[in-house]
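Architecture and fold: a report
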Amino acid sequence: MKKTLSLLILLLITFGNAQKLQNIQSGETLRYRIHYGLLNAGTASLTTLKTTYRGQPHFYVKGVGKTTGAVRAFFKVEDTYESFINYNTGLPSFYVRNVKEGTYTQHFETVFNHGNQTLLLTDKEKKTTQSLKSVAGIQDMLSAFYHLRAMDDSELKVGSVKKVNIWIDDEMFPFQLKVIGTQNVKTKFGWINSLVIVPQVISGRVFKDKEGVTLWVSNDKNHIPIAIKAELAVGSLKADIDSYASVKFPLNFSK
């Protein structure tokens, strides 16, 4: 359950084509409540600000995930992710993954060079830096979230499958996102029509298709995550949108 909770927080704070980033508004804040059965297991938040990085317009995105209450007593998680996403290309320029999960800690910083498809990875704990080969169009865990949100409705039709290479910490994983249908989802704000998306890793050691993760994304121009569920051997973890601010387009909740 510990591994899946960490994965759930990571997917929430981490899930465009640049010319379409206009559907994201500076100052947007999304917050989620994570449950394990009847327990409040944790929270996750995602904030976005327009800024300048190395003389180019960027979005600065910060994601924070942590366990709370009884779950925190036996598994303390405090994860922070940061990304500078080029507003004109939709690709990440600089990415930070700083996690504390139980006794495990990790602090990586990645500088992307999309021109020659390389990246510079710094391990802040080991104080080492290395240059690694990359691939065209690589996303980090936060910029991949905007890659999904920036897609046109025509790109997210039921049955469509989108593939994206995601840099997670010190390794790249090829993901695919499959839209399997639409569904009305109940939230604290009312019901909202959502796309049902199943994220899967094509290969790799960390994630497994059998995790049984399902993501519900608002079926509108915002494409914001409304809920996410991970099936476990015993019970399930579920996260629901708890608050939102400065979302560019109205969210059409109904009672």
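It should be emphasised that the depicted structure is a prediction, and the values quoted were computed from it without experimental measurement.

1. Some points on the overall build of the chain
Helices and strands together make up the secondary structure of the chain, namely three helices and 15 strands. Taking all 255 residues of the chain together, 52% fall into the buried category.

2. Describing the pairing of strand S8 (residues 128-133)
The side chains of a regular strand alternate, first on one face of the sheet and then on the other. Where strand S7 (residues 118-123) lies against S8, six bridges are found, and the strand directions are antiparallel. The residue bridging Thr118 from the neighbouring strand is Lys133, located in S8. Connecting S7 to the next strand, S8, in antiparallel fashion are four residues, including Lys127 with a positive phi near 60 degrees.

3. Brief notes about the pattern of salt bridges
Under the criterion given, the structure shown has five salt bridges. The partner of Asp242 in a salt bridge is Lys188, and the shortest N-O contact between them spans 3.4 Å. Here Asp242 is found in strand S15 (residues 236-245), whereas its partner Lys188 is found in the loop between strand S11 (172-187) and strand S12 (190-201), with 54 residues between them in sequence. Classification of Asp242 as partly exposed rests on a relative accessible area of 25%.

4. Brief notes about the confidence of the model for the chain
With 86% of its residues at a pLDDT of 70 or more, the chain has an overall mean of 86. When mean pLDDT is taken per element in the chain, S7 scores highest with 97 and helix H1 (residues 2-14) scores lowest with 56. Taken together, the stretch residues 203-210 has pLDDT below 50 and engages in 15 contacts with residues farther than four places along the chain or on a different chain.

5. A look at the environment of Thr48
Mapped onto the elements, Thr48 comes out in strand S2 (residues 39-53). In this structure the C-alpha to C-alpha distance between Thr48 and Leu30, which are 18 residues apart in sequence, comes to 9.2 Å. Those residues within four positions of Thr48 in sequence are excluded, and the remaining contacts are Ile24, Gln25, Ser26, Gly27, Glu28, Phe59, Tyr60, Val61 and Tyr146. A distance of 2.2 Å separates polar atoms of two side chains, one belonging to Thr48 and the other to Tyr146.

6. With respect to the packing of aromatic side chains
Summed over the entire model, instances satisfying the criterion amount to 10 aromatic pairs. Centroid distance Phe59 to Tyr87: 5.4 Å. Interplanar angle 75 degrees. Geometry classified as edge-to-face. One end of the pair, Phe59, is in strand S3 (residues 56-67); the other, Tyr87, is in the loop between strand S4 (77-86) and strand S5 (92-101), with 28 residues separating them in the sequence. Residues Phe59 and Tyr87 agree in their burial class; the two are buried. Measuring from centroid to centroid gives 5.4 Å for Phe189 and Phe253, while their planes differ by 45 degrees, and the two rings are tilted. Placement of Phe189 in the loop between S11 and S12 and of Phe253 in the segment after S15 is noted, with a sequence separation of 64 residues between them. The aromatic ring of Tyr87 is capped on one face by Lys50, whose charged end is 3.9 Å from the ring centroid.

7. Describing the nonpolar core
Judged by nonpolar contacts, the single largest core of 40 residues is most densely connected at Val61, Tyr146, Ile166 and Trp167. Judged by nonpolar contacts, the second largest core, of 17 residues, contains Ile34, Leu177, Val213 and Leu237.

8. Some words on the pairing of S2
For strand S1 (residues 29-36) and S2, the ladder comprises eight bridges, and the chain directions are antiparallel. Residue pairing in the sheet places His35 in a bridge with Asn40 of S2. With 12 bridges connecting them, S2 and S3 associate as antiparallel partners. From the neighbouring strand, Thr43 faces S3, where its bridge partner is Lys66.

9. Some details on unusual backbone geometry
Phi at Lys127 takes a positive value of approximately 60 degrees, unusual for a residue other than glycine. Tracing the sequence through the fold places Lys127 in the loop between S7 and S8. Classification of Lys127 as exposed rests on a relative accessible area of 76%.

10. Here we look at the environment of Arg54
The residue Arg54 is located in the loop between S2 and S3 in this model. Residue class for Arg54 comes out exposed when judged on its relative accessible area of 66%. When the C-alpha positions of Arg54 and Ser93 are compared, they lie 9.3 Å apart, and in sequence the two are 39 residues distant.

Scoring rules and cut-offs
Counting of residues starts from 1 at the beginning of each chain's written sequence and follows it residue by residue. Reporting of local features is limited, given that this is a predicted model, to residues whose pLDDT is at least 70; pairs of side-chain atoms are given and counted only at 80 or more, and all residues count toward the totals for whole chains, interfaces and linings. Working from all heavy atoms in the structure, the side-chain values ignore hydrogens and water. Only DSSP runs of H or I reaching four residues or more are called helices, and only runs of E reaching two or more are called strands; each is numbered from the N terminus. Think of it in three bands: residues with accessible area under 20% of the maximum for their type are buried, residues over 50% are exposed, and the middle band is partly exposed, with areas taken using a 1.4 Å probe on protein chains only. Here, a strand pair is defined by DSSP locating no fewer than two bridges between the strands. One side-chain nitrogen of Lys or Arg within 4 Å of one carboxyl oxygen of Asp or Glu is enough to make a salt bridge. pLDDT is a residue-level measure of predictor confidence that goes from 0 to 100. The contact criterion used throughout is that any non-hydrogen atoms of two residues lie within 4.5 Å. In the analysis that follows, any N or O atom pair within 3.5 Å is treated as a polar contact, provided that within protein one partner can donate a hydrogen and the other can accept it, and provided that, for residues neighboring in sequence, both atoms belong to side chains. Ring pairs shown here join Phe, Tyr and Trp side chains whose ring centres sit within 6.5 Å, with only the six-membered ring taken for Trp; geometry is labelled stacked below 30 degrees between planes, edge-to-face above 60, and tilted in between. Look at NZ for Lys and CZ for Arg. If either is within 6 Å of the ring centre and within 35 degrees of the ring normal, a charge sits over the ring. The term nonpolar core refers to a set of buried residues drawn from Ala, Val, Leu, Ile, Met, Phe, Trp, Tyr and Cys, joined through side-chain atoms within 4.5 Å.

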